[in-house]
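Observations on the model geometry
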Amino acid sequence: MERVVDLPLFETKRAKGRIIYRLFAGSIFVGICLILVYRVNHLPKPDEDGRWVWIGLLVAELWFGFYWLLTQAFRWNRIYRHTFKDRLSQRYAKDELPGVDIFVCTADPTIEPPKMVINTVLSVLAYDYPTEKLSVYLSDDAGSDLTFYALLEASNFAKHWLPYCKKFDVEPRSPAAYFVSNPALKDAIQANDFFMIKELYKDMEKRIESTTKLGQIPEEERSKYKGFSQWDSYSSRTDHHSILQILIDGKDPNTRDVDGFVMPTLVYLAREKRPQHFHNFKAGAMNALIRVSSEISNGEIILNVDCDMYSNDSKSIHDALCFFMDEQKGQEIAYVQFPMNFNNITNNELYGGSLRIINEVDFHGLDGYGGPLYTGSGCFHRRDTLLRRKFRKEIKQRDSCVVELEEKLKGLASSTCEENTQWGKEIGLKYGCPVEDVITGLSIQSEGWKSVYFNPSRKAFLGVAPNTLPQTLVQHKRWSEGDFQILLSKYSPAWYAHNKISVGLQLGYCSYCLWATNCFPVLYYSIFPSLYLLKGIPLFPQISSPWFIPFAYVIVAKYTYSLAEFLWSDGTILGWWNDQRIWLYKRASSYLFAFIDTILNKLGFSDSVFIITAKVADEDVNKRYEKEIMEFGTSSPMFTILSTIALLNLFCFIGVLKEAIMRDGIEKVQETMFLQILLCGILVLINLPLYQGLFLRKDKGKMPSSLAIKSAVVAFLSSICFTFFY
C-alpha cells in the first residue's frame, strides 16, 4: 500500500471513445474531400451561368474544411483532471501552505455596480484558507469613491460574514447568492444567526444602493473615514493620482473578526491615470496589482477574477494547490485555469452565453496538448512565472505603519513607473492587445511551462453573461478582434509559438485567432445560394446524383454530432438550436466588424478600444430575458446586416416556392435544387425571432421601425435587381 506522501495530488484521465471519434472524423474528412472534388470537376465553363459564384463556393468550402481541421485539435486528445484535496491536507500543515493573493478588477461603477463588486470580494475573502496567508486586492480602474465606499462597508460586514461562513460551512460565500439560494438551516442556532447576518447584509446593501443612486458620498459618511480625503484632488476617472488604502491589515494583531480571529488583508487600489499616458487597460491594472502586492503580502500564488465572477466553491484554492504542489508534476505547471460559468443563463441558453462547448469540450482538448488558454478570470498563477524570475523570499517584518506604507507604495501604481522598464514586455501581463490574457498565457507556455484546465463538478466561479443580443454581439466582437490582432502580431501562434508548444496546442490557438475570418465564407453561403434560387440555377448536386451523398453525409454527420456533443454537455435541444443561431449571428456581424476594425487598426486608421460588457439591465429587459424573448432594442450596423440577410432569404424562399407552384412544379425544383432550398429554408427558420422583432412585436425590445424599413427595402431591391438585371 502506497504511503500518502507518495500518492499524487491529482490524476489525469483521457476521454473515452477517442478511437471511435477519430474514425468518425476521418469519414467526415473524406466527405469534405469529395465535396471539393465535385466543385473542381463540375466547375461551369466560362460561358455558362454561375461560374463565378461556383468558384466562390469552392473557396468558402475550402475554408470550412480547413477550419474544421483546426477544430479537431479540441476533440482529438481530450483529458479530464481530478484532485485529491484530502491528500493535500494530510501532507501539508496550514503553515506550510503558500500565500495567496487575489486580484479583483473593476473599471466602471455604472455598468459594474459596487454592490456586485463587493459580493465578489466577500466571496473570495471568505475562502476556506488560512486567513494569515490570504490577501484580497480590488483594482478600481475608474477610481470611484462609490466603489471605495462599498468596499469600506464590505470590510466592516466581513467581520461578521467570515465567522458565519466558517461556523456553518456555507456555500456559496457571496452573500447575495447565498441568501437568494434559500439555504437549508441545520438548527435553531443557525436560524438565529442566519436572520441576524441577513439583516446586517440588507442594511449594508441599502446604504450602498442609496449612495450609488445619489451618485456621491454624503458629507456625513466622508467625515467618518479619513481615506475619502484622497479624492479631494480627484479630477476624473482618466485623470487622478494613485489611491491606495489598506482597509484590513492582516498583519495587525488587533484586526480581528467578531469571533476574535485574524482576518485576511484587504486592499483598495486605483492606479494613477493621466490623459497623456496610455494605461493599457486591464493588463496595466493587473501589473500595478502585482507590484503593489509584492510589497504587502507577496503571495506565491495569484488568483485573478473579474468583478462579476464570484467564488462558488470556498475550497477552490485547495484544488489549484493540488496541481502546484504535486511532487512529481507540480513544478512544471505555471497556471491553473478554471472555466467561466454564469448564474444567469436561461434554460435554453437564448444567446449561447454558457460557452458550453468551450468549457466542456474545447479546453479539455487543449489540456491534452499542454494546457488551456489563459482567459483572464478564474485563473491561479505562480507569481514567479508572471514576473519571469525566481520567487523572492517572504517580505520582512514591516518597520513602518500602514499609512506610511500606503504612501510609499503609491509610486508603484503611478502612470510613469513602467517607463523604460520591461513591464508589459518581459515582465507581467503583455501589452498591445485587447485580449492581453491570451498572449500572456501563450508566452508563458512558449517558455516551456505547462498549464492545467480544471473543470470541477461544483462550478468554482459564477459570473454574469450578457442578457441582450447587442451585448452578446459586442462581447464577441471584442474577443474575436483581440484574437485576430494576436494572429497578425509578433505573438501569433503561427510563428511565435512554432517549435515551442505542441502542434495540437498551436492549432487550437489558431482556431480562436481565426474566428474573425469566418465572417466571409459564412456571409457568402448565407447570401448567394439563396439569390441563385431566384434564377433557377442549381449550385449543388441533384438528389439523384451520386455526388449528393458526400454533401448529405457531411451535413447530417456534422450536425448530428454537434447536437449529440451539446446534449452530452448537459445542454438541451432548443439550447443547441439557439446556439446555432448565435453561431450565425456572430459570424455575420461581430466577426465582420472585428475583421474590419483590426485591419483599420493595423493600417493606422483606428486605435484599439477595450469595451466592458454591461452587467446590469432594466427590469423589462430582465423579464423578457427570463421568458427567452430575444432583445434587440437599438439600431446598430450589426442588426442592419442581420436583418437584411434574414429578409433576403425570406424573399428568396417565397420566390422559389412561388416559381415551383406556378411554373416548374415542386418535384422538379426539389430534384434539382434541394440542398439550396434546404439551406435557404434553414436560414429562414433560424431567423424567426428576428422576423418577430422586425414586424410582430410591440415591446421596447423589438427592432426599431426605421431599421426594419431600411432592411426590407434593401433586401427587396436586391432580390428584384438580381432577378431581372443579372
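From a predicted model like this one, the values you see are computed outputs, not experimental measurements.

Another aspect to go through is unusual backbone geometry. With omega at -10°, the peptide bond leading from Glu171 into Pro172 counts as cis. Along the chain, Pro172 falls in the loop between helix H5 (145–168) and helix H6 (175–180). Phi is positive for Asn499, close to 65°, though the residue is something other than glycine. Note that Asn499 resides in the loop between helix H15 (469–487) and helix H16 (503–513). Residue Asn499 is classed as exposed on the basis of its relative accessible area, which comes to 69%.

For the rest of this paragraph, the subject is the pattern of salt bridges. Applying the stated criterion across every chain, the model contains 36 salt bridges. The closest approach of N and O atoms between Arg39 and Glu61, which form a salt bridge, is 2.7 Å. Of this pair, Arg39 sits in helix H1 (residues 18–41) while Glu61 sits in helix H2 (residues 51–71), placing them 22 residues apart in sequence. Of the two residues, Arg39 and Glu61, neither departs from the other in class, the shared state being buried.

This part covers H2. In this model, H2 (21 residues) spans 30 Å end to end at C-alpha, consistent with the 30 Å of a helix rising 1.5 Å per residue. The complete set of buried residues in H2 reads Val53, Trp54, Gly56, Leu57, Leu58, Ala60, Glu61, Gly65, Tyr67, Trp68, Leu70 and Thr71. Of the surrounding secondary structure, the elements contacted by the buried residues of H2 are H1, H16, helix H17 (519–534) and helix H18 (548–568).

Attention now goes to a nonpolar patch on the surface. Side chains of Ile709, Val713, Phe716, Leu717, Ile720, Phe724 and Phe725 sit close together on the surface and give an oily, nonpolar patch of about 750 Å² of accessible area. Considering the arrangement of structural elements, one finds Val713 in helix H24 (residues 705–725). Assessed through its relative accessible area of 43%, Val713 is described here as partly exposed.

On inspection of all chains with the given rule, the structure shows 53 aromatic pairs. Taking 6.0 Å as the distance between ring centres and 65° as the angle between the ring planes, the aromatic pair formed by Tyr164 and Tyr178 counts as edge-to-face. In this pair, Tyr164 sits in helix H5 while Tyr178 sits in helix H6, placing the two residues 14 residues apart along the sequence. Each of the two residues, Tyr164 as well as Tyr178, counts as buried. Taken together, Phe157, Trp161, Tyr164, Phe168, Tyr178, Phe179, Phe194, Phe195 and Tyr201 form an aromatic cluster joined through their ring pairs. The ring of Trp423 carries the charged tip of Arg291 above its face, separated from the ring centre by 4.8 Å.

In sheet architecture, strand pairing relies on hydrogen bonds along the backbone and comes in two forms, parallel and antiparallel. Read across the sheet, 3 strands follow the order E8-E13-E10 without closing on themselves; strand pairing throughout is mixed. Two strands bound the open sheet, and with one partner strand each, they are strand E8 (310–311) and strand E10 (341–342). Pairing of E8 with strand E13 (residues 461–463), which is carried by 2 bridges, proceeds in the antiparallel orientation. Bridge pairing in E13 links Ser311 to Phe461.

Below, the discussion takes up the environment of Gln230. Tracing the chain through its elements places Gln230 in the loop between helix H8 (219–224) and strand E5 (243–248). Along the primary structure Gln230 and Pro521 are separated by 291 residues, whereas in three dimensions their C-alpha atoms are 54 Å apart. Ignoring sequence-local partners within four residues, the contact set of Gln230 consists of His241, Ser242, Ile243, Leu244, Gln245 and Lys410.

Looking now at the sheet that holds strand E7 (residues 301–306). Strand order in the open sheet made by the 8 strands is E5-E6-E4-E3-E7-E11-E9-E12, with mixed pairing throughout. In this open sheet, the two edge strands, each paired with only one partner strand, are E5 and strand E12 (450–453). Strand-to-strand twist in this sheet, taken as the mean axis angle between neighbours without regard to direction, amounts to 20°. Packing of helix H4 (residues 114–125) onto the sheet brings it into contact with strand E3 (100–106), strand E4 (134–140), strand E6 (265–270) and E7, and relative to E4 it is tilted by some 165°. Packed on one face of the sheet, helix H9 (residues 281–296) meets E3, E4, E5, E6 and E7 and runs near 145° to E3.

Attention now moves to the side chain of Ser293. Along the chain, the position of Ser293 falls in helix H9. Owing to a relative accessible area of 0%, Ser293 belongs among the buried residues under this scheme. Only 3.1 Å separates the side chain of Ser293 from the backbone oxygen of Ile290, close enough to count as a polar contact. Setting aside residues up to four positions removed in sequence, Ser293 forms contacts with Asp101, Phe103, Tyr137, Asn298 and Arg383.

Another aspect to go through is the packing of H17 against helix H19 (residues 573–602). Contact geometry for H17 and H19: axes closest at 8 Å, N-to-C directions at 130°. Judged by the angle between their axes, H17 and H19 are oblique. Crossing of H17 over H19 shows left-handed handedness. Across the interface between the two elements, Cys519, Phe520, Val522, Leu523 and Ser526 from H17 touch Trp583, Leu584, Arg587, Ala588, Tyr591, Leu592 and Phe595 from H19. Looking at the contact of H17 with H19 residue by residue, the classes come out as 10 nonpolar, 1 polar and 1 charged.

Here we come to the pairing of E7. Within E7, 5 of the 6 residues are buried, which leaves the element mostly enclosed by the surrounding structure. Pairing geometry for E3 and E7, over 6 bridges, is parallel. Within E7, the position partnered with Cys105 by the bridge is Asp306. Bridging between E7 and strand E11 (residues 379–382) involves 4 bridges; their strand directions are antiparallel. Each residue of the ladder has a partner; that of Asn304, found in E11, is Cys379.

Going through the model one piece at a time under the given rule, you end up with 0 disulfides. In this model Cys510 remains outside any disulfide bridge; the closest cysteine sulfur is found in Cys513, 6.2 Å from its own. Not part of a disulfide, Cys519 finds its nearest cysteine sulfur in Cys513, a span of 15 Å.

The residue Ala142 is located in the loop between E4 and H5 in this model. The buried category is assigned to Ala142, whose relative accessible area is 2%. Along the backbone, Ala142 and Ala712 are 570 residues apart, and their C-alpha atoms lie at a distance of 42 Å. Setting aside residues no more than four positions away along its own chain, Ala142 makes contact with Ala107, Asp108, Pro109, Tyr234, Arg237 and His240.

Criteria and cut-off values
- Residues numbered from 1 in each chain as written.
- Predicted model: local features only at pLDDT ≥ 70, side-chain atom pairs only at ≥ 80, totals over all residues.
- Heavy atoms only, no water.
- Helix = DSSP H or I, 4+ residues; strand = E, 2+ residues; numbered from the N terminus.
- Buried < 20%, exposed > 50% of the residue type's maximum accessible area, 1.4 Å probe, protein only.
- Salt bridge = Lys/Arg side-chain N within 4 Å of Asp/Glu carboxyl O.
- Expected span 1.5 Å × (residues − 1).
- Contact = heavy atoms within 4.5 Å.
- Patch = residues over 30% accessible without salt bridge, like charges linked within 9 Å, V, L, I, M, F, W, Y side chains within 5 Å.
- Areas by Shrake-Rupley, 256 points an atom, 1.4 Å probe, with all protein chains shown as cover.
- Phe/Tyr/Trp six-rings, centres within 6.5 Å; stacked < 30°, edge-to-face > 60°.
- Lys NZ or Arg CZ within 6 Å of the ring centre and 35° of its normal.
- Pairing = 2+ DSSP bridges.
- Axes fitted to C-alpha atoms, helices over the stretch in contact; angles between N-to-C directions.
- Polar contact = N/O pair within 3.5 Å; in protein donor to acceptor, adjacent residues only side chain to side chain.
- Parallel < 35°, antiparallel > 145°, perpendicular 65-115°, else oblique.
- Left-handed = near helix turned anticlockwise from the far one by under 90°.
- Nonpolar A, V, L, I, M, F, W, Y, C, P; charged D, E, K, R; others polar.
- Disulfide = S-S within 2.5 Å.

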